[in-house]
Amino acid sequence: MNRGRRRALKAAAALALAPGLARAQAAQPAAVLGYLPWWMAAGWRDLRLEAFDRLVLFDAPIHADGGLERRAWPKLAPGLAEHARSRGLALELALTLLGEGDFERIFAHPQPRERLLAECSRHLEDAMLAGLHLDIEGYSVASAAAIAGFRSWLAALHDHAAAKGKTLSAFFPASDEFRAYDALAAGRIAWWVAQLYDAHWAESKVTGPLVTRNEANAVGVSRALARLAALGVPRSRVLLSVPLYGWQWAAASDRPGAAAHGKARLLTYAETPPSLMPNDRLAASTLAARHGLRRDAEQTPYYAYPGNDGWLQGWYEDLASLTHKLGPERQRGYAGLAFFPLGYDGGEIVEPLLRWWRSPPT
């Protein structure tokens, strides 16, 4: 038996013994999830929410002392809680830990862990929320103390949530170094969003697609999903993330993979109203129509045109590229799709992609 197979069987056995696993598996995962960022919360009425089962309110950043940044969501999005309640739309709050070294600073030490647990417990009392969504990421190898601290914190948080009839979900980052979860910890999460985007990101050194099947890339679809499978997480508890944004780089040439000159600018897929995108609005589909739509070997749409100081390249995803890249995963039992962020597609991607996802293969 090879080493990978032994690891998988060991993980599956441990998962079967995980405390609280029966409750996690009993929770029905959301088939369609959308992330609603705080900066567009006031414009939620401009969004088409009929297709969604669950919204994640993004976000409540975790500070280095374990405190949570508080955003007054009822004021940011007046009427959303009532709208969600009347339509059976579950709301969760995303807890984000994204800074380099923050995982170590919080989870390796009891005081910030305890404060974070207390603040999370208070949020679980909020009748507006169906649960908490953990977007906890690491950008370096964590110490054994930090990993052990995180797992004990997660066990306690799971028990608090279960006692209140709430669930925990999590975003699973596409990193080979982030190993905070083991099979026991994974069993405490009701459902997962697998990161399949940012194969190229704002600070990338070269231009390229956001989603790829290239396994040489850490975010390659198969490679990203294999990390959850290795923890024994069944596909029925995994949603595949879909980006509704893109990046425009200053580049050395018009060719894919050209050297990027500096940080990229954010693109929305479609023209986006000020209520959802108050500034720096660049619409990828509009710019592609103006400068000429191109596609790479994976059907990724991009455009390129000469600027004042060289070339500009804009990369994003559309229906053709997403159906091409996610085609092998369709009909394989994954829970559904998760879209980040809501509203950037102008209604042109979410619903058509869901119709494709749910249709029988031809």
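In what follows, the accompanying structure is described. If you're wondering where the values come from, they're calculated on a predicted model, not measured in any experiment.

Here the focus is the packing of helix α11 (residues 319–326) against helix α12 (residues 350–358). Put simply, α11 and α12 touch, their axes get as near as 10 Å, and they point 30° apart. Judged by the angle between their axes, α11 and α12 are roughly parallel. α12 is crossed by α11, and the crossing has right-handed handedness. Mapping the contact onto sequence places Leu319, Leu322, Thr323 and Leu326 in α11 and Pro352, Leu353, Trp356 and Trp357 in α12. Here the residues of the contact of α11 with α12 are counted per class, giving seven nonpolar, one polar and no charged.

A word on the nonpolar core. Within the largest apolar cluster, 118 residues are counted, with the highest numbers of intra-cluster contacts made by Phe103, Leu134, Ile136, Trp153, Tyr181 and Phe339. If you tally residues by element for this core, the top one is helix α7 (residues 144–163), at seven residues. The residues contacting Phe339, other than those within four sequence positions of it, are Val32, Leu33, Gly34, Tyr35, Phe52, Val242, Leu244, Val350, Leu353 and Leu354.

A few words now on the sheet that holds strand β10 (residues 294–295). Judged by pairing direction, the sheet is antiparallel, and its five strands sit side by side in the order β9-β8-β12-β11-β10 without closing on themselves. Either end of the sheet is taken by a strand with one partner, and the two such strands are β9 (265–268) and β10. With two bridges connecting them, β10 and strand β11 (residues 301–307) associate as antiparallel partners. Within β11, the residue paired with Arg295 across the bridge is Pro301. Strands in contact with helix α10 (residues 284–291) are β8 (245–251), β9 and β11; relative to β11, the strand with the most contacts, it is inclined by about 60°.

Scoring rules and cut-offs
- Residues numbered from 1 in each chain as written.
- Predicted model: local features only at pLDDT ≥ 70, side-chain atom pairs only at ≥ 80, totals over all residues.
- Heavy atoms only, no water.
- Axes fitted to C-alpha atoms, helices over the stretch in contact; angles between N-to-C directions.
- Helix = DSSP H or I, 4+ residues; strand = E, 2+ residues; numbered from the N terminus.
- Parallel < 35°, antiparallel > 145°, perpendicular 65-115°, else oblique.
- Left-handed = near helix turned anticlockwise from the far one by under 90°.
- Contact = heavy atoms within 4.5 Å.
- Nonpolar A, V, L, I, M, F, W, Y, C, P; charged D, E, K, R; others polar.
- Core = buried A, V, L, I, M, F, W, Y, C linked by side-chain atoms within 4.5 Å.
- Buried < 20%, exposed > 50% of the residue type's maximum accessible area, 1.4 Å probe, protein only.
- Pairing = 2+ DSSP bridges.

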